[in-house]
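What the coordinates show
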Amino acid sequence: QVQLVESGGGLVQAGGSLRLSCAASGRTFSSYKMGWFRQAPGKEREFVAAITWSGGYTYYADSVKGRFTISRDNAKNTVYLQMNSLKPEDTAVYYCAAGRNWAGTHRREVEYDYWGQGTQVTVSS
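What comes next concerns the included structure.

Thresholds applied
- Residues numbered from 1 in each chain as written.
- Predicted model: local features only at pLDDT ≥ 70, side-chain atom pairs only at ≥ 80, totals over all residues.
- Heavy atoms only, no water.
- Phe/Tyr/Trp six-rings, centres within 6.5 Å; stacked < 30°, edge-to-face > 60°.
- Helix = DSSP H or I, 4+ residues; strand = E, 2+ residues; numbered from the N terminus.
- Buried < 20%, exposed > 50% of the residue type's maximum accessible area, 1.4 Å probe, protein only.
- Lys NZ or Arg CZ within 6 Å of the ring centre and 35° of its normal.

Attention shifts here to the packing of aromatic side chains. Summed over all chains, the structure comprises six aromatic pairs. With a centroid separation of 6.0 Å and an interplanar angle of 75°, the aromatic rings of Tyr32 and Tyr114 are classed as edge-to-face. Of this pair, Tyr32 sits in the loop between β3 (18-24) and β4 (33-39) while Tyr114 sits in strand β10 (residues 114-115); the two residues are 82 residues apart in sequence, bridging distant segments of the chain. Residues Tyr32 and Tyr114 agree in their burial class; the two are buried. Ring centres 5.7 Å apart and planes at 75° place the aromatic pair Phe37 and Phe47 in the edge-to-face group. Of this pair, Phe37 sits in strand β4 while Phe47 sits in strand β5 (residues 46-51), placing them 10 residues apart in sequence. Owing to a relative accessible area of 1%, Phe37 belongs among the buried residues under this scheme. Taking the relative accessible area as the measure of exposure, Phe47 reaches 11% and is therefore buried. Here the aromatic cluster, defined as three or more aromatic residues joined through ring pairs, consists of Phe37, Phe47, Tyr112 and Trp115. We note Lys33 situated over the ring of Tyr112; from NZ or CZ to the ring centre the distance is 5.4 Å. The ring of Tyr95 is capped by Arg45, whose NZ or CZ atom sits 4.8 Å from the centre of that ring.

Written out as structure tokens, the structure reads:
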């Protein structure tokens, strides 16, 4: 069992930056792939970024590529999402997720077994 707690959300102006953190419980954090997803009001939850268990590979949605960076610190059981050049359309609840299956596209919700409660990010224009 893994418990995930996100933090770092808030209100920021367009063009600004935020860094989200996701702290995981348990001693097996380093064996999970990790992902960030987001859900805007009235929309379905969508993939944002993912990172393999070692941090050797990262994956991004086209809408955030070049602006967001996912990273992890296995010694701290934490995954991060650095968000730069934020746009109003980035406004959403951001969720981190952990997946035991290293295979797959890394972009589908069904590949993840544990989810955090989410943190709100609001970007004003």
